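For reference, the chains in residue letters:
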Amino acid sequence: MSKSVTHTQIVSYTLLFGLTSGMLYFLLYWFEDLILEWSKRGGWYFLVPIAIAFTFSLVHGKFTGHFWDLLGVKAKSDNS
Amino acid sequence: MELNFIDLGLTNILFLFIVGFVGGLVSGFIGSGGAFVLTPAMMNMGVPAIMAVASNICHKFPKALVGAVKRAKYGQVDVKLGLVMGVSAEVGVLIGAQIQEHITETFGKAGSNLYVSTVFVVVLAIVGSYVLRDAWKMYYSGNADKEEVGPVARWIQSIRIPGTMMYFKAIGAEISVLFTIPLGFATGMLAATIAVGGFIGVPAMIYLLGVPSLMASATELVIAFVMGLGGTIKYAWGGFVDIRLAMIILAGSLFGIQLGAIGTTYVKPYLVKVVMGVLMILVLFSRGIVIPVYLAELNMLFTLDPNTATWLKDASFVILILALGVGATIVLHGLWSGYREHLRELALVTTTTAGVMRMETALTPLSPFGRFERLLLVTDGSEFSSGAAREGINFAHVCKSHVYALSVVGNGNEALAMPVLEKERQQALANLQHLKTSASQVGVSCDSVLRYGVAVHEEILTEMENHRIDLIVMGRRGRSGLTQWLLGSTTTKMLGQAHTSLLIVPKAAPAIGKRLLVAIDGSRYGDAAAAAAGHLMKCWQASLTVVTVVTEDQPKQSAEMADLVNQTVRLLQRDGIAAEGQVIRGDNPAAAIAATATAKGIDLIVMGTHGRTGLDKWLMGSIAERVIHLSECAVLVVKF
């Protein structure tokens, strides 16, 4: 993350990605039966779990990164 | 094959989230880990074995992706090396899985389990012990920041096979892919067999290719991503992935992997090896104790009571969870202590000791490194503190210090009978009076303090704070080996907890003031010791030897350390102090320092300490502490 990111921006990013991540997990729960049915079919339906995994890693990964940042847990740098 | 997805309860969700977090934390740090607990944990919940493996691997590749991106930001990832090894690892996974299937068909499930456990024990015993030994050597080399490329890696780097050479930034050199491909293949084979390819991939990159530990563990995440993606496609094609399980684990593991990755920016490289080695040895035990169960199931050698077999399997799983917990604890501890160290370094950045030596200003007396105005002389009246009493008063006389003589009564005897306590008190008072008289005879002002307490070190620390003490003077007990490890000593506790310098005097130590030796290692702690020694040289008209230790297996450091010694000697000479330098060679820095001091007839060794406490110290010990136990003369440990 660039050094110019302000605290407000960090809070905004954390909330944005946190809410999106929460929504994704809610959708996974809501469409549980359909998703499991597709997963079970195999074959080209392999794309379903792969696509879900990539999407979650992108959104939830961003959220967790900003989460620790917000708590002040940052990587060591010469001017931190 | 018809498989059913399990119903997920809140307890199972929470358990997977937490194990996912801990596994992610360890993976973010060493590049792998967690999988060996998650698969059996899911099977315990009733998830079919193949679905547990499939769901585990499906959480692994997005986790590795996030970890690799994070660590790439810190410049720790060699993407090219990761991809080259990852692709060959994928082939290894496929062949490893086929071997597994063949063994299962021929010898049944017990045969497969026996094969897996035996591979675990053999591979982890060899690699784990080597990694731990190396971490230990790195730590005791006196420069835990530096990693040397081993002889095998140097040899592999020197071999040039036309048409196969490829440059890797992690190595900083070209290397033949004919070496990287088999290594990747072996990583994949092991991943297919024991689910933790990183246990072979990371050590292989470090010891065979010459990749630094932090880069190897980060690059392993790229390999894990490639392997995980390939494995997920394979299992998802068969319809075996329970995406709910994978995403719950991922929810926890992404919190963990971010934290583990951040942790790598605060620690020294040897800690990666410590975590990996400790995990390997604990996992080895976990798999080792179930080997008799599988042998019995195959009717080989003996039979086993079913209860004993169940107990051994349960114990094995508990040790697996314990292994992950221990790994995570070391990572968190490393992150925490590294963070605090970083804050201290930032605070001291403008007041390096070299600067203090070069620039004598009106503020120099404010420097804590050479200030010995208030001494706390700890005595129990025994023969062990006789040397401390003698040299403490001598020191105070020369440095014009004020002495606080302290005795602690009631040590370890809360229920001490009153007459016994009274007798002890009278003896302590008499001893303090004797010290006071001895001090006044040489013109040293002295106050006596008597305290009651069970923990002597806590009483000393309280007095240290009360009187803003600059130096604590104390004796040395003769404990060593197991007794020392089990009971610790007041000296050890003071080394870890006191904020001020310590002078430890053995009972038969020679009088201080003729020959001083200061040990430096290039760190700011060594600089502080040099500054303190320089100050003491203005009090005593003594000779001063500046030494540093270079281990036999790090010849490259020799010239660098010689420069360091020469620079320190020059700075001291510029300050009007007669000093000489010496680079000592030896595998054990503490023993080398103590032996040099004895050979040169030194009466005071001055050194700094990195001030490790708790887990770090338990794992690695302290060079200063070892010098104290080995030396025949007094040791001044400079702290700030």
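Residues numbered from 1 in each chain as written. Chains lettered and ligands numbered in written order. Predicted model: local features only at pLDDT ≥ 70, side-chain atom pairs only at ≥ 80, totals over all residues. Heavy atoms only, no water.

A few words on the overall build of chain A. On a plain count of helices and strands, chain A comes out with three helices and zero strands. Its helices and strands in sequence order give chain A the pattern α-α-α, from N to C terminus. Counting over 80 residues, chain A shows a buried share of 36%. Of the contacts formed within chain A by residues at least 6 apart in sequence, a portion of 82% connects residues at least 24 apart. Here chain A has roughly 5,000 Å² of accessible surface; of this, 68% comes from carbon and sulfur atoms. (Helix = DSSP H or I, 4+ residues; strand = E, 2+ residues; numbered from the N terminus. Buried < 20%, exposed > 50% of the residue type's maximum accessible area, 1.4 Å probe, protein only. Contact = heavy atoms within 4.5 Å. Areas by Shrake-Rupley, 256 points an atom, 1.4 Å probe, with all protein chains shown as cover.)

Attention shifts here to the interface of chain A and chain B. Listed by partner, the interface residues are 32 residues for chain A and 38 residues for chain B. The contact between chain A and chain B buries some 3,000 Å² in all, and 74% of this surface belongs to carbon and sulfur atoms. When the area that chain A buries against chain B is broken down by residue, the three leading residues are K40, W68 and K76 of chain A, summing to 20%. Scanning the region where chain A abuts chain B turns up one salt bridge. (Buried area = accessible area lost by both parts, 1.4 Å probe. Salt bridge = Lys/Arg side-chain N within 4 Å of Asp/Glu carboxyl O.)

As a note on interpretation, predicted positions should not be read in detail where pLDDT is low. Summing up the model confidence of chain A, the mean pLDDT is 87 and the portion of residues at 70 or higher is 89%. Per-element mean pLDDT across chain A ranges from 91 in helix α2 (residues 32–41) of chain A up to 95 in helix α3 (residues 47–70) of chain A. (pLDDT = per-residue confidence, 0-100.)

Further remarks concern helix α8 (residues 213–237) of chain B. All names here are of chain B. The end-to-end C-alpha distance of α8 is 36 Å, a good match for the 36 Å that 25 residues give at a rise of 1.5 Å each. Summarising burial for α8: 20 of the 25 residues are buried, a large majority. Just downstream of α8 lies G239, where phi reads positive at about 80°. (Expected span 1.5 Å × (residues − 1).)

What follows covers the environment of I52 of chain A. Mapping I52 of chain A onto the fold places it in helix α3. Owing to a relative accessible area of 14%, I52 of chain A belongs among the buried residues under this scheme. Between the C-alpha atoms of I52 of chain A and I35 of chain A, which are 17 residues apart in sequence, the distance is 9.8 Å. For I52 of chain A, the residues in contact, after removing those within four places along its chain, are I35 of chain A together with I243 and M247 of chain B.

With that settled, the discussion passes to the confidence of the model for chain B. When pLDDT is averaged across chain B, the result is 82; 88% of the residues are at 70 or more. Predicted confidence for residues 350–361 of chain B stays below pLDDT 50, and this span has 19 contacts to residues more than four positions away or in other chains.

So, about empty space enclosed by the protein. Residue and element names in this part refer to chain B. Tallying each qualifying case throughout the model produces one cavity of 30 Å³ or more. Taken as a whole, the largest cavity holds about 120 Å³ of empty space. Lining of the largest cavity is provided by 17 residues; of these, G31, S32, G33, K60 and A224 occupy positions nearest its centre. Those elements that provide at least two residues to the lining of the largest cavity are α3 (49–73) and α8. Here the residues of the lining of the largest cavity are counted per class, giving seven nonpolar, seven polar and three charged. (1 Å grid on protein atoms, 1.4 Å probe; cavity = no way out; pocket = protein on both sides within 12 Å on 5 of 7 lines; lining within 4 Å. Points joined across faces, edges and corners; volume = space filled by probe spheres on them. Nonpolar A, V, L, I, M, F, W, Y, C, P; charged D, E, K, R; others polar.)

Before going further, it helps to spend a moment on the packing of aromatic side chains. All names here are of chain B. Taken as a whole and judged by the stated rule, the model has 19 aromatic pairs over all chains. The lysine or arginine in question, K80, covers the ring of F168, its NZ or CZ lying 5.7 Å from the ring centre. Between K234 and the ring centre of Y235, over which it is positioned, the NZ or CZ distance is 4.9 Å. (Phe/Tyr/Trp six-rings, centres within 6.5 Å; stacked < 30°, edge-to-face > 60°. Lys NZ or Arg CZ within 6 Å of the ring centre and 35° of its normal.)

Here we come to the packing of α8 of chain B against helix α10 (residues 269–288) of chain B. Packed helix pairs are specified by the crossing angle of their axes together with the interaxial distance, meaning the distance between the axes. Residue and element names in this part refer to chain B. In the contact formed by α8 and α10, the axes pass within 8 Å of each other and the chain directions differ by 55°. Here α8 lies oblique to α10, going by the angle between them. Counted together, S213, L214 and S217 of α8 and P269, V272 and K273 of α10 form the full contact between these two elements. Of the residues assigned to the contact of α8 with α10, the class counts are three nonpolar, two polar and one charged. (Axes fitted to C-alpha atoms, helices over the stretch in contact; angles between N-to-C directions. Parallel < 35°, antiparallel > 145°, perpendicular 65-115°, else oblique.)

The next subject is the pattern of salt bridges. Following the criterion strictly, the structure yields ten salt bridges over all chains and no others. Across the pair E391 of chain B and R390 of chain B runs a salt bridge, and its minimum N-O distance is 3.0 Å. Assessed through its relative accessible area of 2%, E391 of chain B is described here as buried. The network of salt bridges with common partners includes E32 of chain A together with D242 and R244 of chain B.

Further remarks concern the side chain of S407 of chain B. Note on placement: S407 of chain B falls in strand β4 (residues 402–409). If near-sequence neighbours (up to four positions away) are discounted, S407 of chain B is found in contact with T379, D380, A428, N431, L432, V449, L450 and R451 of chain B.

Let us now look at the sheet that holds strand β9 (residues 543–550) of chain B. The strands making up a sheet are joined through hydrogen bonds of the backbone, oriented either antiparallel or parallel. Residue and element names in this part refer to chain B. With respect to topology, ten strands assemble into an open sheet ordered β5-β4-β3-β6-β7-β12-β11-β8-β9-β10, the strand pairing being mixed. Two strands close off the open sheet at either side, each with one partner strand: β5 (446–452) and β10 (579–585). For this sheet, the mean inter-axis angle between neighbouring strands, taken without regard to orientation, is 20°. Two strands pair when backbone bridges link them, and β4 and β5 are joined in this way by seven bridges, in the parallel orientation. Directly across from V409, in β5, lies its bridge partner Y452. (Pairing = 2+ DSSP bridges.)

The next thing to look at is the packing of helix α1 (residues 10–30) of chain B against helix α9 (residues 243–263) of chain B. All names here are of chain B. The N-to-C vectors of α1 and α9 enclose an angle of 35°; their axes lie 6 Å apart at closest approach. For the element pair α1 and α9, the recorded crossing hand is right-handed. Taken together, the residues of the contact of α1 with α9 sort by class into 14 nonpolar, nine polar and no charged. (Left-handed = near helix turned anticlockwise from the far one by under 90°.)

Attention now goes to the pairing of strand β11 (residues 604–608) of chain B. Residue and element names in this part refer to chain B. Among the five residues of β11, five are classified as buried, and the element is accordingly described as predominantly covered. Residues of β11 alternate between two faces, with L604, V606 and G608 on one and I605 and M607 on the opposite face, all of them buried. One ladder, built from four bridges, connects strand β8 (residues 515–519) with β11; its direction is parallel. Each bridged residue has a counterpart across the sheet, and for L517 the counterpart in β11 is I605.

This part covers the pairing of strand β12 (residues 634–638) of chain B. All names here are of chain B. Judged by how many residues are buried, β12 sits mostly within the fold: five of five residues are covered. Neither face of β12 is left uncovered, since the one carrying A634, L636 and V638 and the one carrying V635 and V637 both have all their residues buried. Two strands pair when backbone bridges link them, and strand β7 (residues 501–505) and β12 are joined in this way by three bridges, in the antiparallel orientation. Within the sheet, the bridge partner assigned to L503 lies in β12 and is L636.

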